[in-house]
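# Report on the structure
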Amino acid sequence: MTCASCVARVERKLNRIDGVAATVNLPLESAHVVLSAEVADQDLVGAVESAGYEARVTRRRAVRGADAGDGAEPPEPAPGDAYRGADLLRRLRVSAVLTVPVLLLSMVPAWSFPGSGWVVAALALPVVVWGAWPFHAAAVRAARHGSSTMDTLVSIGVVAATLWSLWVLVTGSAPHTGHGTGPAVYFEVGAVVTTFLLAGRYAEHRSRRRAGDALRALLSLGAKDAERIALGPDGTPLRLPEGGWRTTPVPVAALRVGDVFAVRPGGTVATDGTVVEGASALDTSLVTGEPVPVDVIVGDDVVGGTVSTSGHLLVRATRVGEDTMLARIGRLVARAQTGKAPVARLADRISAVFVPVVLVLAVLTLVGWLALTGDLQAAFTAAVAVLIIACPCALGLATPTAILVGTGRGAQLGVLIRGPEILESTRRVDTVVLDKTGTVTEGRMRVVDVWSPDRSPAMAGVGHPGGGHASVGSEAGPDAVGHAGQEAPADADDANHLSNAPEVLRYAAAVEALSEHPIARAIAAAGRAGAEPDPETPLEVTGFVAHAGGGVEGLVRRAHAGLAPGGGLNTRRVLVGRPDWLAEQGVTVSAEVRSAVGQQEEDGATAVVVAWNGAAGGVIALRDPAKATSAEAVEELRELGLRPYLLTGDSAGAARVAARAVGIPDEDVVARVLPAGKAEVVARLQAEGRTVTMVGDGVNDAAALATADLGLAMGTGTDVAIEAGDITLVRGDLRAAASAVRLSRKTLRIIKQNLFWAFAYNVAAIPLAAAGLLSPMIAGGAMAASSVLVVANSLRLRRAT
């Protein structure tokens, strides 16, 4: 399928079958058919074939519950799809090689020579016949069903110019070019138009072929294999005598509800389930898009596709196959993509009326001249002049040249536009929904505050360029701890120095440097950036232990200044983690420290407590900070007439902090929403009469991106989000969203200008040609001039910002 009229034709044929409700999706080249009665597969295929296309049926079972009827999986590419792309590319290459000498010999008088017209004809005929064959075949197919498309315009124009050129070349009866080298021929018209449109068609084919990759990429994110645990008669996991469990490697598809499987550190959870043994921190960014791992223990639910960052888990499967969360997200994207109304191209709308009118006018011109003059040659010349002046060169170039230039400029600006159907959405968009993590914010945790009981926050902005800086006390040393783990007495000066905020960060960073947890990495990075290293008192950590879901601990040793290496060592047990876990470890957590943690968490920050000497000594707060350019980007979007909303699965406090940082009011913030909820928020805004664009970067944003009228995917995000979006922002800078809207709107404006001038030129020139006032040579010149005007107008997009 190549255009909106193809979609309408297939839908019309399918919907004529009793019990069939069909929606055809042009980018996916698929039809979503809902059956209210039993219909044979051959009847569906026959209906599509009667419209001039081939088809195959893939039935999907309905899914019970809220997603009933939405069990579609991503359509696989049609069997001949890869061949079609290769065929277009082959035709494009051959046509381009032959068109260059045709254009030079035809347009540069100094290169012409006696008999050059025959050379041009020999070079052009393969282009206008073999190269343009896809257009001719599509035009014939449309004609068989009583309709016309862009391909009809192209085919008629190329054939008219070629037949006229062959006639004047063979008969020599047409006016000469004026420099004595032979009659005026227009082979370059058909060759150039064919090459241009083949280039556009091939680029369009590649873009459309990737449209179905969103769901295929989504479903490929889950685990492929699982370690199934053997169960005893009572349903409990069976242990081996030497320790561990009896495991059997199986494909994920072999898991059934009730099976227990193992998840090793760094491994992927095979399917949705409940933890029956173990504890870990799970990277759930696949589902929530949030950077902070979620601590899970026995009894907690886990989602297939999430990753265990530390501990070892045993999970009992509760949902498998099409019932999992990952599969449900896939169905949301499939439903949104299939439900999009196909956008008819402007040129196709014009061609539906324009082509029949031109054909009728050409016939009337021929008949009229014969009736009035009886001169067959004059009649034929006038009729051909009508066809040539109406040749859709400018009309056919109006969209692809603007798209080629616009998308090329977009690539320079970090904006990838999928195709012309996307542009109409940008004109109407009045609301922009922004995902928080990775879109407005950096998508990774940073230390933003370090607090100790005897000191106000001293390091706000730690880890950021220009953030706070603290030095380490030269003589502050922790008390010794014996190898048996018993703490030795501490002197008061040491305790007071260590309770200072810079020391809190330095000692926490030393311990956390041995952990792979994302929070630990952020603290370690802040320790390196926020405190000057002291070569006289290097820190060494031994006895490191990570407690999944709780925190970390280690024995920290520091050498006193002025002593030789290995002498004068003090050792202290330092713990970093949640207040409740510290209390379980026998650490005293004062009400003041708990209050500081509570205040940070109320504002959406993640807070951890640092303890030594059996007491909490400080609090480290971490956030996912807003990108430096996000506030400027939000202001640019407002200037374009868009109202920004912030949408996130994070807490309300974190959402409000991020929104205020970029200038979005609290009433336009929606927090704690999962993937289905994000799509529902977009749908609710659409139901209020808004035209919505969604900007996101994660798998959890894919459904919302597909549901929105215009989806903008951050190129630094997941492949699933990128494929579900209509426009990709390569740089990962939110300011590119404003650039995308501006460029899309300007490209659409240029396309409309091109179409207007191409159409106006035809309206003005066709009557002159029919009256015999324009020879085919002048008509060809006017036609070429209109094409140059369209291309020159499109080139203005090269300066777009």
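Look up a bit, the structure's there.
This write-up is about the structure you can find in this document. These numbers come from a predicted model, not from an experiment.

## Section: the sheet that holds strand β10 (residues 307-308)
Read from one edge to the other, the open sheet built from 3 strands follows the order β8-β7-β10, with strand pairing classed as antiparallel. The strands lining the two open edges of the sheet, one partner per strand, are β8 (294-296) and β10. Two strands pair when backbone bridges link them, and strand β7 (residues 280-283) and β10 are joined in this way by 2 bridges, in the antiparallel orientation. Each residue of the ladder has a partner; that of D283, found in β10, is V307.

## Quick word on the packing of helix α4 (residues 116-131) against helix α5 (residues 133-144)
Between α4 and α5, the least distance of the axes is 5 Å, while the angle of their chain directions is 40 degrees. With respect to each other, α4 and α5 are oriented oblique. Residue-level inspection shows V128, V129, W130 and G131 of α4 in contact with α5, the latter providing W133, P134 and H136. Partitioning the contact of α4 with α5 into residue classes produces 5 nonpolar, 2 polar and no charged.

## Overview of the environment of V608
Along the chain, the position of V608 falls in strand β18 (residues 606-612). Sequence spacing of V608 and V450 is 158 residues, and the spatial spacing of their C-alpha atoms is 9.9 Å. Not counting the four nearest positions on each side in its chain, V608 is found in contact with I519, I523, V576, G577, G618, V619, I620 and L622.

## Points about helix α17 (residues 501-512)
For α17, with 12 residues, the first-to-last C-alpha span of 16 Å sits near the 16 Å given by 1.5 Å per residue. Residues A501, P502, E503, V504, L505, R506, Y507, A508, A509, A510, V511 and E512 constitute the buried set of α17.

## A few points about the nonpolar core
Side chains of nonpolar character tend, in soluble globular proteins, to be buried together. One finds L434, V695, I727 and L729 to be the most contacted residues of the largest nonpolar core, which totals 33 residues. Breaking this core down by element, the ones donating at least two residues are β12 (415-417), β13 (431-435), α21 (630-639), α22 (652-662), β23 (710-714), β24 (727-729) and α26 (735-770). Among the elements that make up this core, the one with the highest residue count is α26 (6 residues). Contacts of I727, omitting those with residues within four sequence positions, involve V415, L416, I417, I422, L710, G711, L712, A713, A740 and S744. Counting residues in each nonpolar core, the second largest holds 23 residues, with M445, A501, V576 and V610 among its members.

## Some points on a nonpolar patch on the surface
On the surface, V353, V357, V360, L361 and L364 cluster together into a nonpolar patch covering about 420 Å² of accessible area. You can see V353 is positioned in helix α11 (residues 346-373).

## Observations concerning the pairing of strand β14 (residues 446-451)
In terms of residue burial, β14 counts as a mostly covered element, since 6 of its 6 residues are buried. As judged from the 5 bridges shared by β14 and strand β19 (residues 615-623), these two strands associate in the antiparallel manner. Residue pairing across strands places R446 opposite R623, the latter belonging to β19.

## Notes on a positive patch on the surface
Taken together, the side chains of R749, R796, R798 and R799 present a region of like positive charge at the surface. In this structure, R799 sits in the segment after α27 (776-795). Using a relative accessible area of 61% as the deciding quantity, one classes R799 as exposed.

Scoring rules and cut-offs
- Residues numbered from 1 in each chain as written.
- Predicted model: local features only at pLDDT ≥ 70, side-chain atom pairs only at ≥ 80, totals over all residues.
- Heavy atoms only, no water.
- Pairing = 2+ DSSP bridges.
- Helix = DSSP H or I, 4+ residues; strand = E, 2+ residues; numbered from the N terminus.
- Axes fitted to C-alpha atoms, helices over the stretch in contact; angles between N-to-C directions.
- Parallel < 35°, antiparallel > 145°, perpendicular 65-115°, else oblique.
- Contact = heavy atoms within 4.5 Å.
- Nonpolar A, V, L, I, M, F, W, Y, C, P; charged D, E, K, R; others polar.
- Expected span 1.5 Å × (residues − 1).
- Buried < 20%, exposed > 50% of the residue type's maximum accessible area, 1.4 Å probe, protein only.
- Core = buried A, V, L, I, M, F, W, Y, C linked by side-chain atoms within 4.5 Å.
- Patch = residues over 30% accessible without salt bridge, like charges linked within 9 Å, V, L, I, M, F, W, Y side chains within 5 Å.
- Areas by Shrake-Rupley, 256 points an atom, 1.4 Å probe, with all protein chains shown as cover.
- Salt bridge = Lys/Arg side-chain N within 4 Å of Asp/Glu carboxyl O.
- Lys, Arg positive; Asp, Glu negative; His and termini not counted.
- Charge placed at Lys NZ, Arg CZ, Asp CG, Glu CD.

Fair warning: the whole summary comes from geometry, so function is off the table for now.
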